[in-house]
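Residues per chain, in single letters:
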Amino acid sequence: MQVSGGELREVLARVAAGDAAAFAVLYRATSMKLYGIIVRILGRRDIADEVLQEVYLRVWQQARGYDPSVASPITWLATIARNRALDERRRKVPQSLEDMPDILEIASAEDVAASQELADEARRLLACINDLEPQRRRILMAIYFGGMSGEEIAAELGVPSSTVRTWLRRSLAQLKVCLGQ
Amino acid sequence: MSELDDIEGLAAEFALGSLTAEERAGVVARESRELVLDKAIQEWEARLAPLLHAVPPAAPPPIGLAQALSRIIEGAAPQSAEIISLRRGRNAWRYATAGVGALAASLAIVLSGQFLTPSRTVDYPHVAVLTKNALPSADEPTTSTAPVFLISYESSRRELYVRQVSGRRPPSGKAYELWLMPGEGRWLPFSLGLLAAGAPVTRLAIPPRMEPELVANDLVVSLEPEKGAAPGSAMGPAVSAGRLTSLLR
């Protein structure tokens, strides 16, 4: 179901007013995207099913707090989904970088560039990520798409957590400069 | 190389997702009272959000919407008056039965089967949330005590599963009864059965001849004597209503 950003804003406004029918429209329009994000981080559909429900419950409860000047509706929704999935992921058995071989495929510039949904800003962001040192790029992607924590990365690489934190902050600072923001 | 200060570094790591559970909880607690941190998190989430375009969508379980709606209604029971009508685009209908003046239909939200394929090899249930916002005139506001029902239907078993999720229970000596309303006057309201008092879920068998009508006509819950409406008598006061209408068109 394709719904424009403007239409989603209207739907969210109706959800904020307690319109359950609008909520159903919102669910139909966005659940596949949010579920994809959740499954990507959690890797298990049974847990993802439950998290998806919690995400939409949170959307229902927090729709009044949506501010269109801060984020598009889908970004707002996706951020809620991703944060909830990360919280759940932190309670699970740690995954390994080796358990997520497809993460780098998903995040590669070629794959993303092939997506018709790709916005210019996504292309710019990926170009900046590709400028990072390969290992740090891989770490960044494992965290963003795989939900790994810095501690898990540190344990896997056999380095102190503080080292990974330093790498991450430098990588993120480099991204910010590259994006000119 | 430039460095991120502590606040922005923390915000960036939160948005990236690298923090531990404890660190995340700490950030969430601080975020609500530290505007600088809150703003930095929003900026970093927006900065990284384009990566979400790279995540392929995935089909959630078909029952997901029904479950989400059920949880919402359960969680929002005291504010159920906020659930508003779906009457736009539909004519409010009225039943001029004895004991009932008129009734406006309210909300019916349905998730229908065949989510993944148009074939009938996989049979997913139809689900509806029934409530009302006007009784007997369209001007009467819904109250938090108005009963709301979650109904699912599995055609493979030809059974309805009816669950009251909020609102008042029937008074002593009374019971709720579920009816299938006539399509364009082709038959009288058809009783699908009494809802068991106190039971979390009532299962009601659907006669094969009524199955084609089930998704095409309105469902109404009425208040009846404890043993149900007597055969041939008029339906009691309607308390909740709606129609199974697929949203997956």
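Calculation notes
Numbering of residues starts from 1 in each chain and follows the order in which that chain's sequence is written. Written order determines the labels here, with chains lettered from A and ligands numbered from 1. Note on the predicted model: pLDDT of at least 70 is required for a residue's local features to be given, and 80 or more for side-chain atom pairs to be given and counted; whole-chain, interface and lining totals, by contrast, use all residues. Only hydrogens and water are set aside when side-chain values are computed; all heavy atoms of the structure are taken into account. Helix and strand assignments follow DSSP, with helices taken as H or I runs no shorter than four residues and strands as E runs no shorter than two, numbered in order from the N terminus. Three labels apply to residues, based on accessible area from a 1.4 Å probe with only protein chains included: buried if under 20% of the type maximum, exposed if over 50%, partly exposed otherwise in between. Any pair of residues with heavy atoms lying within 4.5 Å of one another is described as a contacting pair. Joining two parts hides part of their accessible area as seen by a 1.4 Å probe, and the buried area is that hidden amount summed over both. A pair is scored as a salt bridge if a Lys or Arg side-chain nitrogen falls within 4 Å of a carboxyl oxygen belonging to Asp or Glu. Any pair of nitrogen or oxygen atoms within 3.5 Å is treated as a polar contact; in protein, a donor-acceptor pairing is required on top of that, and neighbouring residues in sequence qualify only through side-chain atoms on both sides. Note on residue classes: Ala, Val, Leu, Ile, Met, Phe, Trp, Tyr, Cys and Pro are nonpolar, Asp, Glu, Lys and Arg are charged, and everything else, Gly too, is polar. Every helix has an expected span of 1.5 Å times one less than the residues it contains. What the arc describes is the spread of directions from the helix axis to the C-beta atoms. What counts as a disulfide here is a pair of cysteine sulfur atoms lying within 2.5 Å. Predictor confidence is given residue by residue as pLDDT, running from a minimum of 0 to a maximum of 100. Angular values range over 0 to 180 degrees, each being the angle between N-to-C directions of two axes fitted as lines to C-alpha atoms, with helices fitted over their stretch in contact. The handedness criterion is simple: a crossing whose near helix is rotated anticlockwise from the far helix by less than a right angle is left-handed, and one whose near helix is rotated clockwise is right-handed. Two aromatic rings from Phe, Tyr or Trp, using only the six-membered ring of Trp, form a pair when their centres are within 6.5 Å; if the ring planes differ by under 30 degrees the pair is stacked, by over 60 it is edge-to-face, and anything between is tilted. Sitting over a ring, as applied to charges here, requires NZ of Lys or CZ of Arg to be within 6 Å of the ring centre and within 35 degrees of the ring normal.

1. Some words on the overall build of chain A
1) Next: A count of helical and extended segments in chain A gives 10 helices and zero strands.
2) Next: For chain A, the proportion of its 181 residues judged to be buried stands at 52%.
3) Next: Sequence separation of 24 or more characterises 66% of the internal contacts of chain A that already satisfy a separation of 6 or more.

2. Comments concerning the interface of chain B and chain A
1) Next: Listed as interface residues are 57 residues of chain B and, on the opposing side, 67 residues of chain A.
2) Next: Roughly 5500 Å² of surface becomes buried between chain B and chain A when both sides are summed, with 64% attributable to carbon and sulfur atoms.
3) Next: Taken together, the links from chain B to chain A amount to five salt bridges.
4) Next: Between Lys 176 of chain A and Glu 8 of chain B there is a salt bridge; the shortest N-O distance is 2.7 Å.
5) Next: In this assembly, chain B and chain A are joined by 15 residue pairs in polar contact (both at pLDDT 80 or more).
6) Next: Mapped onto the side of chain B that touches chain A, the elements with two or more residues apiece are helix 1 (6–16), helix 2 (21–31), helix 3 (35–48) and helix 4 (64–75) of chain B.
7) Next: Of all the elements, helix 1 of chain B adds the most residues to the side of chain B that touches chain A, at nine residues.
8) Next: Each residue belonging to the side of chain B that touches chain A can be placed in one class, and the counts come to 35 nonpolar, nine polar and 13 charged.

3. What to know about helix 3 of chain B
All names here are of chain B.
1) Next: Under the 1.5 Å per step criterion, the end-to-end length of helix 3 is 20 Å for 14 residues, consistent within 8% with the ideal 20 Å.
2) Next: Within helix 3, burial applies to Leu 37, Ala 40, Ile 41, Trp 44, Glu 45, Arg 47 and Leu 48. Considered in projection along helix 3, the buried side chains sweep an arc of 160 degrees and stay on one side of the axis. Facing away from the buried side of helix 3 by over 90 degrees, the exposed positions are Leu 35 and Lys 39.

4. Digging into the state of the cysteines
All names here are of chain A.
1) Next: According to the stated counting rule, one finds one disulfide over all chains in the structure shown.
2) Next: Sulfur-sulfur distance for the disulfide between Cys 128 and Cys 178 comes to 2.0 Å. Between Cys 128 and Cys 178, the S-S dihedral sits near -80 degrees, and the bridge is therefore left-handed. One end of the pair, Cys 128, is in helix 7 (residues 120–130); the other, Cys 178, is in helix 10 (residues 161–179), and 50 residues separate them in sequence.
3) Next: Under the relative-accessibility criterion, Cys 128 is labelled buried at 5%.
4) Next: Residue Cys 178 is classed as partly exposed on the basis of its relative accessible area of 37%.

5. What to know about the confidence of the model for chain A
All names here are of chain A.
1) Next: Of the residues in chain A, 81% have a pLDDT of 70 or more, and the chain-wide mean is 81.
2) Next: The spread of mean pLDDT over the elements of chain A runs between helix 6 (residues 109–114), the lowest at 39, and helix 10, the highest at 94.
3) Next: Within the model, the stretch residues 100–118 combines pLDDT values under 50 with 34 contacts to residues more than four positions away or in other chains.

6. Brief notes about the packing of helix 2 (residues 20–42) of chain A against helix 4 (residues 73–89) of chain A
Residue and element names in this part refer to chain A.
1) Next: In contact at an axis separation of 9 Å, helix 2 and helix 4 are set at 35 degrees when each is read in the N-to-C sense. Once helix 2 is placed against helix 4, the crossing between them reads as right-handed. Together, Leu 26, Thr 30, Lys 33, Leu 34, Ile 37, Ile 38, Ile 41 and Leu 42 of helix 2 and Ile 74, Leu 77, Ala 78, Ala 81, Arg 82, Ala 85, Leu 86, Glu 88 and Arg 89 of helix 4 make up the contact between the two elements.
2) Next: Here the residues of the contact of helix 2 with helix 4 are counted per class, giving 12 nonpolar, one polar and four charged.

7. Section: the environment of Gln 67 of chain B
1) Next: Summarising the element assignment, Gln 67 of chain B is placed in helix 4.
2) Next: In this structure, the C-alpha to C-alpha distance between Gln 67 of chain B and Leu 150 of chain B, residues 83 residues apart in sequence, is 9.6 Å.

8. Observations concerning the pattern of salt bridges
Residue and element names in this part refer to chain B.
1) Next: Under the criterion given, the structure shown has 17 salt bridges over all chains.
2) Next: The partner of Glu 211 in a salt bridge is Arg 158, with the nearest N and O atoms 3.9 Å apart. Remark: Arg 158 occurs in the loop between strand 3 (148–154) and strand 4 (159–166) and Glu 211 occurs in helix 5 (residues 211–214); sequence separation between them is 53 residues.
3) Next: When the shortest N-O distance is used, the salt bridge between Glu 159 and Arg 203 registers 3.6 Å. Residue Glu 159 is found in strand 4, and its partner Arg 203 is found in strand 7 (residues 202–205); the two are separated by 44 residues along the sequence.

9. Looking at the packing of aromatic side chains
1) Next: Under the defined criterion, the tally for this structure stands at five aromatic pairs over all chains.
2) Next: With centroids separated by 5.7 Å and ring planes inclined at 90 degrees, the aromatic side chains of Phe 23 of chain A and Trp 60 of chain A adopt a geometry described as edge-to-face. On the criterion of sequence distance, the pair formed by Phe 23 of chain A in helix 2 and Trp 60 of chain A in helix 3 (residues 45–62) is long-range, its members being 37 residues apart. Accessibility classification places Phe 23 of chain A together with Trp 60 of chain A in one group, the buried group.
3) Next: Here Tyr 27 of chain A and Tyr 56 of chain A contribute two aromatic rings whose centre-to-centre distance is 4.7 Å and whose plane-to-plane angle is 50 degrees, an arrangement assigned as tilted. Of this pair, Tyr 27 of chain A sits in helix 2 while Tyr 56 of chain A sits in helix 3, and the two are 29 residues apart along the sequence. Each member of the pair, Tyr 27 of chain A together with Tyr 56 of chain A, is buried.
4) Next: Here the basic side chain of Arg 24 of chain B rests over the ring of Phe 14 of chain B, its NZ or CZ set 4.5 Å away from the ring centre.

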